[in-house]
Structure formats: C-alpha cells, structure tokens
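Observations on the model geometry
Spelled out from the first residue to the last, the chains are:
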Amino acid sequence: MDDAVPLLRMEGISKRYGGVKALEKADLSVNAGSIHAILGENGAGKSTLIKILSGVVGPDEGRILLDGREVTFASPAAANQAGIVCVFQELSLVPELSVADNIVISDPPQRFGMIDHKAQRRIAEEALARAGAADIHPRALVKDLPLSRRQIVEIAKALARKPRILILDEATSALTAADVAKVFDVCKRLRSEGLALLYISHRMNEIRELADECTVFRNGHNVASYRAGTRSDDEVIEMMIGRQYSHVFPAKPDSGSASKSAPVLEARSLSWAGRLHDISLTLHPGEVVGLGGLDGQGQRELLLAFFGVLRGLGGQVLIDGKTVSIDSPAAARAAGIGMALIPEDRKTEGLMLPMTVRENLSFASLDRITKAGIVDRDQEQELIDDMVRLLAIKTAGLDIPVGALSGGNQQKVVIAKWLMRQPRIILLNDPTRGIDVGTKQEIYQLLRKLADTGAAILFYSTDYDELIGCCDRVLVLYDGAVRRELVGAEITEHALIASALNIEAEGQSAMQEVNA
Amino acid sequence: MKEWRYWVAEQRGTLLACGIFLLMFAIYTSNHPAGFTANVVETAANKGVLLAFVAMAQTLVVITAGIDLSVGMIFVLTNCVASALVVGTPMQTALGILAVLVVGVLCGALNGAIVIYGRLQPIVATIATGAVFFGIALLIRPFPGGSVNEDLADTLTGKIFGVVPASLVLLLVIVLLVWVPFRRSVLGRGAYAAGSAEAAAYMSGVPIRRAKFAAYMLSGLLAAFGGLFLTFFTYTGEAAYASGNAYTLFSIAAVVIGGVSLYGGRGSAIGAIFGALAFRTIGDLLFVFDLGALWQPLFQGVILLVAVSLGAFGLFRIRNRLEWFL
C-alpha cells in the first residue's frame with residue numbers, strides 16, 4: 001500500500017459522451033500483487049474507466065501512469081503491449097475456431113510465415129492450466145463449450161498475453177459456483193505472482209472474499225477508496241448513493257388503491273433458458289410497476305417473454321385471469337390482450353429510421369385503419385394528429401424520415417405508435433435512455449396519465465431516480481429472479497441498491513462473520 | 001475425447017463430401033458401359049477439375065461470410081484472356097499464363113476492395129463486378145475463337161504414366177501451393193475469424209481487413225486457374241454468359257455439399273473440391289441412367305435447393321425470436 005510508486009495510476013480522468021459526463025476527474029491507484037475491486041451502481045462510470053484503461057476509448061482529460069511513466073493507448077492492442085489485458089463481459093471469442101486458435105488469436109506463433117501449431121498448442125495448454133482449466137481440450141471448438149467454460153477460455157486467452165494488470169469485468173456473472181471457485185483460486189495465485197487485478201463485480205460476497213482494496217464510484221467520480229473489510233455493506237451502499245435528484249415526477253396516487261382491482265397481467269413461475277428463474281408477478285390496471293436491479297439481470301428477457309418473443313418459456317402467463325399463450329408480438333398486441341412494448345433500442349427495434357414519421361406512427365395500427373387491404377388515409381391522419389398532439393411531437397412534417405428527429409422526439413414516435421392502439425398493458429424497456437430531461441419529464445407525466453386512465457404499466461429502468469419517482473411498486477431482479485418487492489415508501493435508493501446487489505440492507509453481521 | 005475425434009469433428013464436412021463423391025462415383029463407374037477405366041476417370045476428372053477450381057475460389061469468399069457471384073465471370077474472362085495470350089514460344093506462353101493469373105487476382109482485388117473498403121454487401125458488389133468482367137470478356141472475344149499452346153494443353157489435360165489424369169495432379173499441386181499455406185497462415189485464420197464473429201475478431205486485434213482482402217484476391221487467382229484450364233480443354237476462348245452464370249451457381253452448390261457454411265467461418269476448400277466432383281457426378285449419373293439431358297438443369301436446381309436448405313436448420317434451435325433477424 002505504501003509502495004513509493006503504484007503499478008498503475010489514473011489521474012483526473014474525464015470523459016464525455018455528447019452532453020453526458022461519464023467520468024469526471026476520476027482517480028485510481030492500483031498496486032502490483034493486489035486485487036482491487038471497483039464498485040458503483042449503473043452509470044457510475046465503471047465501464048468507461050475500464051474502456052479507457054484498456055484502450056477502447058481515449059480520455060478527454062487526465063493521464064495514465066504505468067510504473068510512474070505516462071502512457072497513452074491508441075488501441076486495445078497498445079494497451080495489451082503495455083501489459084494491460086481485459087477480460088470482457090461481452091465474450092470476445094470466435095465460436096467457429098478451436099480453443100487453442102482463440103487463445104493465441106491476437107498474436108499466433110509463426111514459423112516460416114505459417115502458424116506453428118505445435119507452439120500454439122503448447123501456449124494454449126499452458127494458459128489453460130494457469131486458468132485452472134486443464135480439462136478443456138485445446139482442439140475443442142469454442143461454440144461446443146457451455147457458456148461458463150467459454151468464460152474460462154476467455155481468461156486463459158487473457159493470460160496468454162502475459163498481462164501485468166488483468167481486468168475482470170463481471171467475469172463471473174455467467175459462471176457456475178464451481179467455476180467461480182476456480183476463478184477465485186486463479187485470481188489469488190495471479191496475485192501471489194505479482195499481478196495487479198482489477199475486479200469489477202456486483203456480487204458483494206465475491207468482493208468480500210477476493211479484494212484487497214476497493215474503490216467506489218459515483219456519478220463518474222471515485223468517492224472513496226478503502227481496504228477491503230474495513231467498511232460494512234451498509235456503509236458501502238451509502239457511498240454508492242448520493243445522486244442529485246434532477247427530475248420532477250408527477251404525484252403518485254395513494255398506494256394500494258390500484259392493486260385492489262383484479263390483475264390484468266399475471267405471471268406464474270416464468271422461466272426461460274437459464275436466464276429467467278421462477279418469476280411470478282401481478283400487474284393491476286392503474287398501477288405503474290417498476291423493474292429494478294443492475295443491468296442485465298433478466299429484466300429485458302422478462303419483457304420479451306410477455307411480448308411473445310421468447311421460445312420455450314416455462315410457467316404461465318395469465319391475462320384477465322385466463323391462461324394465454326402469446327407466441328409473437330402480433331399476438332401480444334391483438335384485441336383480447338392489448339399489450340404494447342416500447343423497446344430498448346429505438347433505432348433497431350422501435351423505428352424504421354429511413355421511413356417517414358407518418359409511416360412509423362401508424363405501423364402498429366395498420367390492421368385497424370385498412371379496408372380491404374388499403375390504408376384509409378383519412379382515418380390514419382386522424383389518429384396521427386391525435387398522437388402528435390397528445391405527445392407534443394416536434395417534427396418539421398409527417399413526411400420526413402423519422403431519423404431526422406431528435407432522440408427525444410424519436411422516442412415519442414415509438415411511444416405514440418403503440419398508444420395509438422390504446423393498449424391495456426404497456427411494457428417499457430428503459431424508455432428514457434439517452435434522451436433529454438424535458439422529454440423524460442413529459443414521459444413520466446404521460447405514464448401516470450395512462451395509468452390513471454386504467455392502463456397497467458410495467459417499466460424497466462436503469463435509472464433509480466425514475467423507479468423511485470414513477471413507480472407504485474418496484475420488483476428488483478437479480479440473476480433472473482425477483483429478489484425483492486418494494487412497495488410505496490419502501491422504494492428508496494438505499495433499498496434499491498441493496499437489493500440490486502443482493503445483500504440485506506443490514507449486512508453488518510455478515511461482514512463481521514467474514515472478518516472473524 | 002480422443003485426439004483423433006477432434007480431427008474427425010474438424011474435417012466432418014470434408015469427409016462427408018468425400019464419402020458422397022466416392023459413393024456416387026462408384027455407382028457411376030459400375031453402371032458405365034466402359035466401367036472403371038483410365039479414360040472414364042480422365043474425362044470425369046477434366047470436367048470436375050474446372051468446377052473444383054471455381055468452387056475453391058467461392059470457398060475463400062464464403063469463409064469470410066461473403067458470397068462471390070462474379071466467380072463464374074472471372075472464370076469466363078480469364079478463359080478469354082488465356083485464349084489470346086497463352087500461345088507462342090515457351091517463354092511467351094509462360095508470360096501469358098502469368099498475365100492470366102494476374103487478371104484473376106486483380107478481379108478478386110476489385111471485389112475485395114469494394115466489399116471491404118467500400119462496405120458494400122458482397123452479393124450486390126459481385127453481381128455488378130461480374131457484369132463488368134463479362135463485358136470485358138465480350139470485348140476480348142466478341143466471337144468464340146483464339147488459341148492456346150496446344151502442346152502444353154495436351155500435356156496438362158492428358159494422363160501421367162498413362163493412368164493418372166494430369167489435371168488432378170495439377171489441382172493437387174495448386175491446393176498445396178495456394179490453399180494449404182493460406183489455411184495455415186495468420187491471414188487465413190483471420191479470414192475464418194472474420195467470417196465467424198467479426199466483432200470478436202476485431203476486438204482481439206485480428207487484421208480482419210487484410211485477411212478478407214487476401215481471401216478475395218486468392219479467390220480471383222483460383223478462378224483464373226479454372227479459366228486457364230478451360231482454355232486448355234477447349235483450345236479456344238468464349239465469352240459465354242450462360243456458362244459463367246452456371247459456374248457461379250454450381251460453385252455455391254459445390255461449396256455447400258463440401259461442408260462449407262454459408263454463414264461463414266467454417267469449411268475447407270478441399271471439401272469444396274469433393275463437393276464439386278460430387279456435383280459433376282450427379283450430371284453423369286443422370287446420363288448413365290438414361291434420363292434425358294433436359295432433366296439435368298431441373299435436377300441440379302433441386303439438389304442446390306436441398307443443399308442450401310440444410311444450412312437453415314440451426315434457426316429452429318433459436319429461443320429468442322429477435323435473433324432471427326441478426
């Protein structure tokens with residue numbers, strides 16, 4: 001800790017994406033022979049920091065010092081050269097190639113201008129052994145391996161590059177418990193070999209077991225660094241909290257009033273492909289229910305499951321108390337069900353960008369405004385006018401490409417397209433991501449207005465403020481299961497983060513057990 | 001799993017194509033009036049080798065998850081060029097051959113440049129370049145004609161020691177000189193990686209652009225070998241539009257039968273060679289079983305359709321319907 005020069009220092013790192021500050025004067029100091037955990041909620045700046053360190057993006061300000069010397073990385077390859085290797089959460093393996101091919105892919109050993117298969121085999125076997133996975137055959141194709149084994153191959157691939165600093169970004173999220181234990185052993189051995197490990201995880205128990213140092217990020221800035229084990233879970237959560245409330249939310253009705261009516265949508269023990277586990281929930285007309293938790297815990301899959309996109313769904317979905325089988329978005333929007341999904345990525349799943357505003361607005365309702373297969377233009381115009389007025393869509397005309405609109409107005413078009421059908425059940429997948437504050441507030445008002453007129457709203461957001469401000473209830477997902485339900489006044493940032501991290505808010509006792 | 005099992009798994013497509021070919025060829029020769037003789041084999045080899053070259057050319061592009069619809073036209077163009085240049089003294093002939101191969105490489109390079117640096121879809125880019133290649137071929141040979149160094153042609157299309165077809169030996173030599181080094185080079189692996197998961201390959205620092213470019217250029221080279229051989233067989237050059245299109249189509253069939261995935265990243269040119277030989281034998285089988293020649297195109301079309309359909313079975317396993325559109 002008191003070494004004169006840390007292996008790695010990042011000083012005053014700032015990074016903006018458009019108008020959004022991802023990092024603001026962030027500092028980080030990492031010593032050789034230690035495991036350094038990085039904590040923070042969604043959007044705290046963790047992933048931007050990792051991207052900068054591994055050369056994927058450049059910082060706007062600040063400097064990176066390696067062994068006390070300033071370095072800049074123009075590309076991931078340059079960072080690798082300097083000994084910084086990242087095991088990405090998004091797999092970077094090529095499925096059709098063998099394990100050995102993948103391990104040496106960045107720099108295959110060569111003889112006479114051709115790949116030296118013997119040397120490649122040796123490197124692969126060595127790297128696999130170091131990663132604690134000597135049982136994986138170097139000739140096996142990556143696509144034939146289960147996800148958890150692929151993640152181990154990913155680690156072996158990183159080790160084959162002889163890193164001095166190894167970054168593990170949610171590297172255990174796809175692993176089975178047995179594999180996690182192996183990865184831990186590997187991490188500890190690498191630490192004893194003098195490597196520095198940067199460990200990003202949302203699993204507090206892992207951090208407790210592994211980390212030597214911890215740094216907490218909030219709003220793009222490092223707010224605290226401490227030796228592992230010197231802070232309770234409660235204190236850690238307090239450090240992660242503390243965003244300014246910048247949004248204005250509409251008033252909520254008295255809690256509980258909506259849930260007295262019969263549920264319009266009910267799920268019983270939904271499960272799917274190892275990504276959703278035994279999810280049960282009810283949704284009543286007039287209420288706004290939030291889905292919380294860290295990103296990628298099955299929220300998106302849950303919405304897709306309701307909307308008929310997933311095949312091989314286990315469990316039951318009930319509409320108005322009757323079991324239904326929804327096998328496509330077309331079936332989900334049909335009259336008896338009346339469901340709408342505002343998708344996550346408006347550019348690919350929400351809009352046909354080169355087509356006009358008019359065409360995009362009426363896409364979901366074409367079946368209602370066609371007679372004998374011909375679109376009734378007058379009727380279409382009427383519906384469109386209503387929507388443009390209701391949502392205050394600002395556009396230079398209805399016949400310009402929707403791609404020419406601002407992000408906020410594009411999102412309004414996506415919402416309008418579905419509201420045109422007057423859906424009873426509205427599913428929203430992080431609908432305010434990347435849009436301006438003004439439009440966000442309009443969307444909050446609209447959601448409440450829709451609920452007041454009897455719609456049932458299921459709303460996934462990565463922004464905790466939104467969940468607190470908009471929702472009557474919040475279901476927090478963790479690892480594909482509902483971890484906790486927060487109702488009314490229970491919906492606080494503290495409770496959201498604690499349950500998102502899958503720890504009890506009163507985690508003091510667990511902490512002391514570990515320290516003992 | 002045992003070591004050899006991995007080898008079998010890797011070569012499954014190639015071994016299967018080899019098996020299909022051997023079976024069909026056995027049926028063919030056992031029903032042929034002349035039986036399994038050197039002459040029957042030679043004729044079959046000479047016909048098969050042409051498609052084999054074009055199929056190898058197609059393989060290189062398909063591995064990168066592209067498709068080359070101009071490959072038959074490169075074949076026709078180089079045939080026309082060869083009928084003008086591969087004549088005269090041994091020195092002139094050698095220079096002529098070199099020129100033909102350079103033309104092929106340039107055609108491939110043009111395709112590669114448009115697809116990789118121009119970011120056009122391979123299917124659109126190569127339809128357009130194919131039309132251009134045919135146009136040039138027609139200017140060179142408005143009417144069938146030209147000539148070729150006949151001594152060389154007879155040697156390369158005859159039999160070595162009176163038994164082994166020379167064309168097969170040459171095919172083998174080119175496999176060893178072009179395909180095997182490419183397969184084992186860093187660029188070759190890059191081409192496979194780019195075809196399988198381009199983003200992952202990019203993130204791993206693989207030189208995907210250079211790898212794909214090399215694949216397109218070598219594809220042009222192999223198609224030019226095909227054009228050269230066509231000239232050796234026919235002694236003439238002809239800007240035959242139908243023939244160029246047929247070769248493109250058959251090369252796709254050969255590639256699929258040969259176990260090369262149209263989604264990219266998997267397969268071998270050696271498999272495609274067996275695929276080509278098998279596809280050729282299908283036509284011959286119709287002949288020995290006295291089915292009219294008029295049936296042949298329909299039959300080949302059905303085989304092609306069945307072969308490409310087999311590649312779509314993976315879609316039934318997808319559990320998130322959104323992945324259909326990726």
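Residues numbered from 1 in each chain as written. Chains lettered and ligands numbered in written order. Predicted model: local features only at pLDDT ≥ 70, side-chain atom pairs only at ≥ 80, totals over all residues.

Now for the overall build of chain A. Check the secondary structure of chain A and you find 18 helices and 24 strands. Here the C-alpha atoms of chain A give a radius of gyration of 25 Å, agreeing with the 24 Å that 2.2 N^0.38 yields for 516 residues. Taken along the three principal axes of its C-alpha coordinates, chain A extends 70 × 55 × 45 Å. Look at the contacts in chain A between residues 6 or more apart in sequence, and 69% of them connect residues 24 or more apart. (Helix = DSSP H or I, 4+ residues; strand = E, 2+ residues; numbered from the N terminus. Rg over C-alpha atoms; globule rule 2.2 N^0.38 Å. Contact = placed C-beta atoms within 7 Å.)

The next subject is the sheet that holds strand 4 (residues 61–66) of chain A. Residue and element names in this part refer to chain A. Reading across the sheet, the four strands line up as 2-1-4-5 and stay open at both edges, with antiparallel pairing between neighbours. With partners counted over all chains shown, the strands left at the sheet margins are strand 2 (20–30) and strand 5 (69–71), one partner each. Each strand axis lies, on average, 30° off the axis of its neighbour in the sheet, ignoring direction. Relative to strand 4, strand 1 (residues 8–17) is paired through five bridges, and the arrangement is antiparallel. Residue pairing for strand 4: R9 is matched across the bridge by L65. Set on the sheet, helix 1 (residues 46–53) makes contact with strand 1 and strand 2; between it and strand 2 the angle comes to about 65°. (Pairing = 2+ DSSP bridges. Axes fitted to C-alpha atoms, helices over the stretch in contact; angles between N-to-C directions.)

Okay, the interface of chain A and chain B next. Each partner contributes residues to the interface: chain A has 26 residues there, and chain B has 23 residues. Sorting the residues of the side of chain A that touches chain B by element identifies helix 2 (76–81) and strand 8 (114–115) of chain A as the ones contributing at least two each. The residue inventory of the side of chain A that touches chain B, partitioned by class, reads 16 nonpolar, six polar and four charged. (Nonpolar A, V, L, I, M, F, W, Y, C, P; charged D, E, K, R; others polar.)

To continue, consider the confidence of the model for chain A. Averaged over all residues, the pLDDT of chain A is 87; the fraction at 70 or higher stands at 93%. Considering only residues more than four positions removed or in separate chains, one finds that residues 505–516 of chain A, a stretch of pLDDT under 50, has 15 contacts. (pLDDT = per-residue confidence, 0-100.)

Turning our attention to unusual backbone geometry. All names here are of chain A. One non-glycine residue, K25, lies in positive phi territory at about 45°. Residue placement: K25 occurs in strand 2. Its 14 C-beta neighbours within 10 Å are what place K25 among the partly exposed residues. Non-glycine residue D479 carries a positive phi angle of around 55°. In this fold, D479 is placed in the loop between strand 23 (473–478) and strand 24 (481–487). (Buried ≥ 20, exposed ≤ 12 C-beta atoms within 10 Å, placed from the backbone.)

Attention now moves to the domain arrangement of chain A. Residues and elements named next belong to chain A. Splitting chain A by domain gives domain 1 (8–240) and domain 2 (258–500). A C-alpha centroid distance of 35 Å is found between domain 1 and domain 2. Contact with domain 1, which involves six residues of that partner, is made by seven residues of domain 2. Grouping the constituent residues of the side of domain 1 that touches domain 2 by class yields two nonpolar, three polar and one charged. (Domains from an automatic or database assignment.)

As a further point, take the sheet that holds strand 14 (residues 276–283) of chain A. Backbone hydrogen bonds are what pair the strands of a sheet, in a parallel or an antiparallel way. Residues and elements named next belong to chain A. The strand order across the open sheet formed by four strands is 14-13-16-17, and the pairing between neighbours is antiparallel. Of all the strands in the sheet, the pair left with one neighbour each is strand 14 and strand 17 (322–324). Shown here is a sheet whose adjacent strand axes are inclined to one another by a mean of 25°, direction ignored. Looking at chain direction, strand 13 (residues 265–272) and strand 14 are connected through five bridges and run antiparallel. Following the sheet pairing, L270 is matched in strand 14 by I279.

Our focus in this paragraph is the environment of D472 of chain A. Residue and element names in this part refer to chain A. Within the element layout of this structure, D472 appears in the loop between helix 16 (464–470) and strand 23. According to the C-beta neighbour criterion, D472 is buried, with 24 such atoms within 10 Å. Spatially, the C-alpha atom of D472 lies 8.9 Å from that of D254, the residues being 218 residues apart in sequence.

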